[in-house]
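Structure at a glance
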Amino acid sequence: MNIGEAAEATGVTAKMIRHYEQIGLIRAAGRTGSGYRVYGPKDLSTLSFIRRARDLGFSIAQISDLLALWQDRARASGDVKRIASEHVAEMKEKMRLLQEMVHTLEHLSAHCHGDDRPDCPILEQLATGMAEEKCC
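Below or above, wherever it landed, is the structure these notes cover.

So, the nonpolar core
- Within the largest apolar cluster, 22 residues are counted, with the highest numbers of intra-cluster contacts made by Ile-17, Tyr-20, Ile-50 and Ile-63.
- Of all the secondary structure elements, the ones that give two or more residues to this core are helix H1 (3-10), helix H2 (14-22), helix H3 (41-55) and helix H4 (60-71).
- Per-element tally for this core: the top contributor is H3, with five residues.

Details of the pattern of salt bridges
- Under the counting rule described, the total for this entry stands at seven salt bridges.
- Among the ionic pairs, Asp-43 bridges to Arg-27, the shortest N-O distance being 3.0 Å. In this pair, Asp-43 is assigned in helix H3 and Arg-27 in the loop between H2 and strand E1 (30-31), connecting sequence segments 16 residues apart.
- The partner of Arg-51 in a salt bridge is Asp-55, and the shortest N-O contact between them spans 3.1 Å. Taken as a pair, Arg-51 and Asp-55 lie in helix H3 at a separation of four residues, close to a single helical turn.
- Among the residues examined, Arg-51 registers a relative accessible area of 32% and is labelled partly exposed.
- You can call Asp-55 exposed: its relative accessible area is 53%.
- Overlapping salt bridges bring together Glu-93, Arg-96 and Glu-100 as one network.

Rules of the game
Residues numbered from 1 in each chain as written. Predicted model: local features only at pLDDT ≥ 70, side-chain atom pairs only at ≥ 80, totals over all residues. Heavy atoms only, no water. Core = buried A, V, L, I, M, F, W, Y, C linked by side-chain atoms within 4.5 Å. Buried < 20%, exposed > 50% of the residue type's maximum accessible area, 1.4 Å probe, protein only. Helix = DSSP H or I, 4+ residues; strand = E, 2+ residues; numbered from the N terminus. Salt bridge = Lys/Arg side-chain N within 4 Å of Asp/Glu carboxyl O.

Rendered as structure tokens:
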């Protein structure tokens, strides 16, 4: 299977497949006599694994660790759980930060008159960097 077919089968773009190969996330593909990459079932399985892990927001480093564990039949499931639990904690922190941003913007928007006046607490906060409690 060539790179285009592998991309279509796995949902990973050809560009990303080449990138994953370049950074060592996947092994270098076999080549035809004319130099085209050739992918087999094991490669497709690995690319699908990477795609699903990326869809869940795992970083390249985390995916590398997960791939190593996936390929190691003597692995401890606790190692996999640790990576997943750390990722959940990171995502929860990102959610907390996003919720703070939403709260700040809602607060600023609620205090903006939205009329013809030039005074705007949103722009004021962006310009001065004042904390939400101080600006409005």
